[in-house]
Amino acid sequence: MRVLVVGSGGVGDAVARTAAGRTFFELMVMADHDPARAERSVAAARGLSATSALADRFVAARVDASDAGAVTALAREHGITHVLNAVDPRFVMPVFDGAFAAGADYLDMAMSLSRPHPTEPYARPGVKLGDEQFAAADRWAGAGRLALVGMGVEPGLSDVFAQYASDHLFSEIDELGTRDGSNLVVLGEDGEPMFAPSFSIWTTIEECLNPPVVWEAARAEEGGSTEAGWYTVPPFHEPEVFEFPGGIGPVECVHVEHEEVLLMPRFLDARKVTFKYGLGEEFIAVLRTLHTVGLDRTDPVTVRGTTPDGTPTTVRVSPRDVVAACLPDPATLGDRMRGATCAGVLVTGTGTDGGRREVYLHHVVDNAWSMERYGAQCVVWQTAVNPLVALELLADGRWSGSGVLGPEAFDAVPFLELLAAPAPEGYGSPWGLEERTP
């Protein structure tokens, strides 16, 4: 297996660091628009490799993720078999199309972007997350090629949990409810907590301010198709306090637009599918302010400035990109982060014994652990490890398929076993199953 990782930001860097200890691939090309970032990731991976032969598998390259042709050319240059997309979701389609043109299989951790309904954004979906990719499913299947979409942690591991629950724990499922929360804090130079998102602020704004999507089987049955089951609600809708394991405790969670709600109904039977994220009052207040003043916009605006010699000029810049530039890079925050993060799925319904059942399948990563072992903060590491597990299963044939597929299309057991097994056999990151009172 020869892997091209497009993007050497926080998640891409964590992919390289974690891959250093695995032997299932012969080459990993770390590519970024900034060659220095790719070279940093390669240096880190080489430093964590046990032998020089393993270290030599990592090489750095430059690529423009917005240019499908550039992705294709780089993949062909290195004989790439699998392209892993580790850039933010605005670049999904160029990387997706570039991989196909190169004859490579494809994985990502976030799907093609949505566009709200033009007249009823908080009632009906417009273009949904992943619609552009699923529209190409026949083309990928016809070529005998696989695009495994949404294979991060959420979406990704959460979808694997849902598949496991459907196959092994429940005879009927009432709700698949992804619930994500943490007790993470980022400390400033004065040692006091500061506002600093632990994940890409560009992606966070996209998820949290777009109309959240919910899916219900009753609506689908009434409308005669899976498509009819999706509807939207206002941002930050239906707050609930959810008790997270791993010492995290109660966190208020709200509806957020997320891929699980668009993936799970395509592959699994459930009466309802939701996603709620533990944002906290401060984060919600910041997001509301950004939206109110227009700083969440992606369309460029004209800004006055000066050249280095003092000549007046203007530039076109996206307000959201300005916000991202003003905040610290999440990949650099690991030493200043404290706490743990939890991703999981609350499943309610009828157990295999016929009785009512409610379980929370979850994965907790402590920041101190991920920093000590990989030098990667917990949020980016938890995202990065899952596509690597999937690549390893594809490499040894335990997973296989063609077309555009979500994680639910594959057997969950080998994935969960490999994730939890102690190193060097597995990735040494156990998951949990917590029984709750229905």
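The present account deals with the structure reproduced in this document. (Residues numbered from 1 in each chain as written. Predicted model: local features only at pLDDT ≥ 70, side-chain atom pairs only at ≥ 80, totals over all residues. Heavy atoms only, no water.)

## Re the side chain of His255
Mapped onto the elements of the fold, His255 is located in strand E13 (residues 249-255). Overall, His255 belongs to the buried group, its relative accessible area being 2%. Here Glu238 takes part through its side chain, which lies 2.8 Å from a polar atom of the side chain of His255. Ignoring sequence-local partners within four residues, the contact set of His255 consists of Pro212, Val214, Val233, Phe236, His237, Glu238, Thr274, Phe275 and Lys276. (Helix = DSSP H or I, 4+ residues; strand = E, 2+ residues; numbered from the N terminus. Buried < 20%, exposed > 50% of the residue type's maximum accessible area, 1.4 Å probe, protein only. Polar contact = N/O pair within 3.5 Å; in protein donor to acceptor, adjacent residues only side chain to side chain. Contact = heavy atoms within 4.5 Å.)

## A word on the sheet that holds strand E5 (residues 105-108)
Ordered in space as E3-E2-E1-E4-E5-E6-E20, the seven strands form an open sheet in which the pairing is parallel. For this open sheet the edge positions go to strand E3 (58-62) and strand E20 (403-405), each flanked by a neighbour on one side alone. With strand direction ignored, the average angle separating the axes of adjacent strands in the sheet is 20°. Taken together, the five bridges between strand E2 (residues 27-32) and E3 define a ladder with parallel strand orientation. Among the inter-strand pairings, Met30 is bridged to a residue of E3, identified as Ala60. Against the sheet, helix H4 (residues 68-77) engages strand E1 (2-6), E2 and E3, with an angle of about 150° to E1. Contacting E1, strand E4 (82-85), E5, strand E6 (146-148) and E20, helix H5 (residues 92-101) runs over the sheet at an angle of about 160° to E5. (Pairing = 2+ DSSP bridges. Axes fitted to C-alpha atoms, helices over the stretch in contact; angles between N-to-C directions.)

## Observations concerning empty space enclosed by the protein
The final tally for this structure, using the stated rule, is one cavity of 30 Å³ or more. Of the volumes computed, that of the largest cavity is approximately 70 Å³. For the largest cavity, the lining is made up of 15 residues, of which Pro116, Gly126, Pro211, Thr232 and Glu257 are closest to its centre. The residue makeup of the lining of the largest cavity, split by class, is six nonpolar, five polar and four charged. (1 Å grid on protein atoms, 1.4 Å probe; cavity = no way out; pocket = protein on both sides within 12 Å on 5 of 7 lines; lining within 4 Å. Points joined across faces, edges and corners; volume = space filled by probe spheres on them. Nonpolar A, V, L, I, M, F, W, Y, C, P; charged D, E, K, R; others polar.)

## Considerations on the sheet that holds strand E8 (residues 185-187)
Ordered by their spatial adjacency, three strands build an open sheet running E9-E8-E17, and the pairing between neighbours is antiparallel. Strands at the two margins of the open sheet, each flanked by one partner only, are strand E9 (193-194) and strand E17 (337-338).

## Topic: the packing of aromatic side chains
Tallying each qualifying case throughout the model produces 17 aromatic pairs. On the basis of an interplanar angle of 75° and a centroid distance of 5.7 Å, the ring pair of Phe25 and Phe58 is categorised as edge-to-face. Of this pair, Phe25 sits in the loop between helix H1 (10-19) and E2 while Phe58 sits in strand E3, placing them 33 residues apart in sequence. The buried category is assigned to Phe25, whose relative accessible area is 4%. Ring centres of Phe96 and Trp140 lie 5.0 Å apart, and the angle between their planes is 35°; on these two criteria the pair is classed as tilted. Of the two residues, Phe96 sits in helix H5 while Trp140 sits in helix H7 (residues 137-142), which places them 44 residues apart along the sequence. A residue is classified by how much of its surface remains accessible, and Trp140, at 0% relative accessible area, is buried. In this structure an aromatic cluster arises from ring pairing among Phe96, Phe100, Tyr106 and Trp140. We note Arg22 situated over the ring of Tyr427; from NZ or CZ to the ring centre the distance is 4.1 Å. Taking the ring centre of Phe25 as reference, the NZ or CZ of Arg57 above it sits at 4.0 Å. (Phe/Tyr/Trp six-rings, centres within 6.5 Å; stacked < 30°, edge-to-face > 60°. Lys NZ or Arg CZ within 6 Å of the ring centre and 35° of its normal.)

The analysis is restricted to geometry; functional conclusions fall outside its scope.
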